[in-house]
Amino acid sequence: MGVNLSKVGQEKKSVSLIKNIFLFFIANFMPKAIAFFMVPLYTYCLSTEEYGTVDILITTIQLLLPILTIQAQDAMLRFSLEKKNNPSDVLTIGLRIVLIGSLLLFVACNLGIVTGFIKIDLIYIIIFFIMYLLHAFKNIASYFCRGIDKIGILTTSNVILTLSTVLCNLVFLLVFKWGVLGYILSVCIGNLLGVLILFFGAKLYKYIKPTLSDKTLTKKIIVFCAGKAAINIIQLLKEKINQLKLDTIYKSNMGSNSGGKSRVINRITRAIEIFNEG
């Protein structure tokens, strides 16, 4: 009888593993595939200068995330998988890290506006801050859902995120002709829906403990994240340096129109990869 129960348990684990692999495939491949086929729309509706604005916003967010969140999403997966840790404690600490980083960014943006260091339209500063918040919270929620085995909700979130972004882009770019602002709003709306689905679908609100004061676990998570963040920042800097080199080659070896078009396509592809992660 014991052997039979053991076999049944192994079969259930195998079925669960296969199911999770399939869901991971859908969650990662489908959004990227759909977004890839949207590239012609972006290159048609956005000029090189317009997408340059998007590229600056997204590149800045990509560089700030590992600094201000210290790669807290990696800790969500790592520590939520450990049976000895309370998942509620792990998520609460992760959210606190994101909130502290967001507060620092908010203060920095306001100081930049007051001192005149930041010289771009206020609407782009607001959108930049919203994009940062959504991506930071999405990272935390996505990795935590992986750790607590909520793969189905994660898959649903990623698919709806992509479909809603595509639908909004079709409306904002083709119907309303909003250009770069329409593209950015589409990304924000898609990510907002993705975060809401994770938050309510996986009932993450039940894991939040505002009064938590576990200093030991907090210290472990921060120490774990610090090393990850340092490595990620170095990798990002190397990547950006290589991208600058490629842009220089494009400018020197290709005509202005074809080179500009190639750079736009590369930037669009990078943006798709960034906002479909998690």
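The structure displayed is predicted, hence computed values, not measured ones.

Applying the stated rule across the entire model yields ten aromatic pairs. Their ring planes at 25° and their centres at 4.9 Å tell us that F176 and W178 sit as a pair that is stacked. Summarising the aromatic geometry, the rings of F200 and Y205 are spaced 6.0 Å apart at their centres and angled 50° between planes, so their arrangement reads as tilted. Site record: aromatic cluster; members linked through ring pairs are F172, F176 and W178.

So, about the environment of Y205. In this structure, Y205 sits in the loop between α8 (179-201) and α9 (215-253). The class of Y205 is partly exposed, set by a relative accessible area of 38%. The sequence separation of Y205 and T92 amounts to 113 residues, and the corresponding C-alpha distance is 9.8 Å. Aside from chain neighbours lying at most four places away, what touches Y205 is F199 and F200.

Moving on, we come to the pattern of salt bridges. In the structure shown here, the tally under the stated rule is two salt bridges. A salt bridge links E82 to R78, with the shortest nitrogen-to-oxygen separation between them at 2.1 Å. A relative accessible area of 36% means that R78 is categorised as partly exposed. A salt bridge links K209 to D89; the nearest nitrogen and oxygen atoms lie 2.8 Å apart.

A pair of packed helices is captured by two measures, namely the crossing angle of their axes and the spacing between those axes. At a closest axis distance of 9 Å, the pairing of helix α6 (residues 122-147) and α8 adopts a crossing angle of 30°. Classed by the angle they form, the pair α6 and α8 counts as roughly parallel. For the crossing formed where α6 meets α8, the hand is left-handed. Taken together, the residues of α8 that come into contact with α6 (itself represented by I123, Y124, I127, I130, M131, L134, H135, K138, A141, S142 and C145) are V180, L181, I184, V187, C188, N191, L192, V195 and L198. Counted by class, the contact of α6 with α8 contains 16 nonpolar, three polar and one charged residues.

Before going further, it helps to examine unusual backbone geometry. In this structure, Q71 takes a positive phi of about 55° despite not being glycine. Within the element layout of this structure, Q71 appears in the loop between α3 (48-68) and α4 (72-80). Positive phi values are uncommon outside glycine, yet K177 reaches one of about 60°. Looking at the element boundaries, K177 is found in the loop between α7 (151-175) and α8.

Attention shifts here to the nonpolar core. In terms of nonpolar packing, the biggest core is built from 55 residues, with M131, Y183, I184, L204 and I221 touching the most fellow members. Within the residue set of this core, elements represented by two or more residues are α2 (39-45), α3, α4, α5 (87-115), α6, α7, α8 and α9. The dominant element in this core, judged by the number of residues it contributes, is α6, at 14 residues. Look past the residues within four positions of L204 in its chain and what remains in contact with it is L91, A141, F144, C145, I148, L198 and F199.

Let us look at α7. For α7, with 25 residues, the first-to-last C-alpha span of 35 Å sits near the 36 Å given by 1.5 Å per residue. Residue K177 follows α7 closely and has a positive phi angle near 60°.

Within the element layout of this structure, S213 appears in the loop between α8 and α9. In this structure S213 comes out as exposed when scored by relative accessible area, which is 64%. S213 sits 120 residues away from I93 along the chain, and the two C-alpha atoms are 9.2 Å apart.

Cut-off values and rules
Residues numbered from 1 in each chain as written. Predicted model: local features only at pLDDT ≥ 70, side-chain atom pairs only at ≥ 80, totals over all residues. Heavy atoms only, no water. Phe/Tyr/Trp six-rings, centres within 6.5 Å; stacked < 30°, edge-to-face > 60°. Helix = DSSP H or I, 4+ residues; strand = E, 2+ residues; numbered from the N terminus. Buried < 20%, exposed > 50% of the residue type's maximum accessible area, 1.4 Å probe, protein only. Contact = heavy atoms within 4.5 Å. Salt bridge = Lys/Arg side-chain N within 4 Å of Asp/Glu carboxyl O. Axes fitted to C-alpha atoms, helices over the stretch in contact; angles between N-to-C directions. Parallel < 35°, antiparallel > 145°, perpendicular 65-115°, else oblique. Left-handed = near helix turned anticlockwise from the far one by under 90°. Nonpolar A, V, L, I, M, F, W, Y, C, P; charged D, E, K, R; others polar. Core = buried A, V, L, I, M, F, W, Y, C linked by side-chain atoms within 4.5 Å. Expected span 1.5 Å × (residues − 1).

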